[in-house]
Each structure stands twice: as C-alpha cells, then as structure tokens.
Amino acid sequence: RERPWYIESKEKRGIRWVQPYYDINGLGLVLPCTMSLYNSKDEFGGVLALDLTLDFIAEKLMFNVNEDKLLGLVDSFILNEKGKQRASYSHGPPSS
C-alpha cells in the first residue's frame, strides 16, 4: 500500500486517472484508473485499480481506423486536471 496510485487515490471519492508509471512486467507505460472502496458503514476498505497501457489507449480508444486508413485524430494527448500533459501519441499524417 505504498504504490503512488494507491496513495493518490486512498480515501478520495470517485474514479481517478492517476500518474502514469512504467510497468514492472515489461508492459511499458501504463495509466492507472482507480476508485476507493467503502463498506456499508462508509468505512474505507481499499482501492480498486485497472492499468491501461498507453499503447492500448492510443490504438483502441483514441483512433477510428477503417480499412487501414486513419480517420480523425493524428496527435492525441492525455492531460491531468491542471492541463499538464501526462502522455501523447502521434500517429503521423493520414495517407490518402
């Protein structure tokens, strides 16, 4: 319970996207999505977390790909609540 994503999310309500970090299993940069858990007496019980790789986010969630052609986004950014860039992905210009 010393991981930064746990500390940043502990006892804070709602879903939170916290600071990306490099996965120790070699998945690269991951972006944790966390939510604090509470029991029926509203007592803090822990933090639920899901790590998404930035490759997954860029390839599956940020683009609309149809027949090997990129439609829409070329550059994508993930910003924190202060507008600071946490991650970016550049696919390059679409081919015609």
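The sections below set out a description of the structure shown in this document. Note that the structure is a prediction, hence the values are computed from the model and not measured. Each chain carries its own residue numbering, running from 1 in the written order of its sequence. The predicted origin of the model limits local features to residues at a pLDDT of at least 70 and limits the giving and counting of side-chain atom pairs to 80 or more, whereas totals for whole chains, interfaces and linings rest on all residues. As a rule here, side-chain values come from all non-hydrogen atoms in the structure, and water together with hydrogens is ignored.

### A short note on the pairing of strand 3 (residues 29-38)
For step 1, the next point in the chain: As paired elements, strand 1 (residues 15-17) and strand 3 share three bridges and run antiparallel to each other. Considered in strand 3, the bridge of Trp17 is made with Cys33.
For step 2, the next point in the chain: For two strands to be treated as a pair, DSSP must find at least two bridges joining them. Secondary structure elements are defined from DSSP: runs of H or I of at least 4 residues count as helices, runs of E of at least 2 residues count as strands, and each element is numbered from the N terminus. Judged from the two bridges that link them, strand 2 (residues 21-22) and strand 3 form a sheet pairing that is antiparallel. What sits directly across from Tyr21, in strand 3, is Val30.
For step 3, the next point in the chain: Pairing of strand 3 with strand 4 (residues 44-53) involves nine bridges; the strand directions are antiparallel. Paired with Leu37 across the strands is Gly46, a residue of strand 4.
For step 4, the next point in the chain: A loop of five residues connects strand 3 with strand 4, the two strands running antiparallel in sequence, and Asp42 in this loop sits at a positive phi of about 65°.

### Details of the pattern of salt bridges
For step 1, the next point in the chain: The term salt bridge refers to a pairing of a side-chain nitrogen on Lys or Arg with a carboxyl oxygen on Asp or Glu at a separation within 4 Å. Overall, the coordinates contain one salt bridge when judged by the stated rule.
For step 2, the next point in the chain: The residue Arg13 makes a salt bridge to Asp42 at a minimum N-O spacing of 2.7 Å. Of this pair, Arg13 sits in the loop between helix 1 (4-9) and strand 1 while Asp42 sits in the loop between strand 3 and strand 4; the two residues are 29 residues apart in sequence, bridging distant segments of the chain.
For step 3, the next point in the chain: Only protein chains enter the accessibility calculation, which uses a 1.4 Å probe; a residue whose area is less than 20% of its type maximum is buried, one above 50% is exposed, and one in between is partly exposed. Given a relative accessible area of 51%, Arg13 falls into the exposed group.

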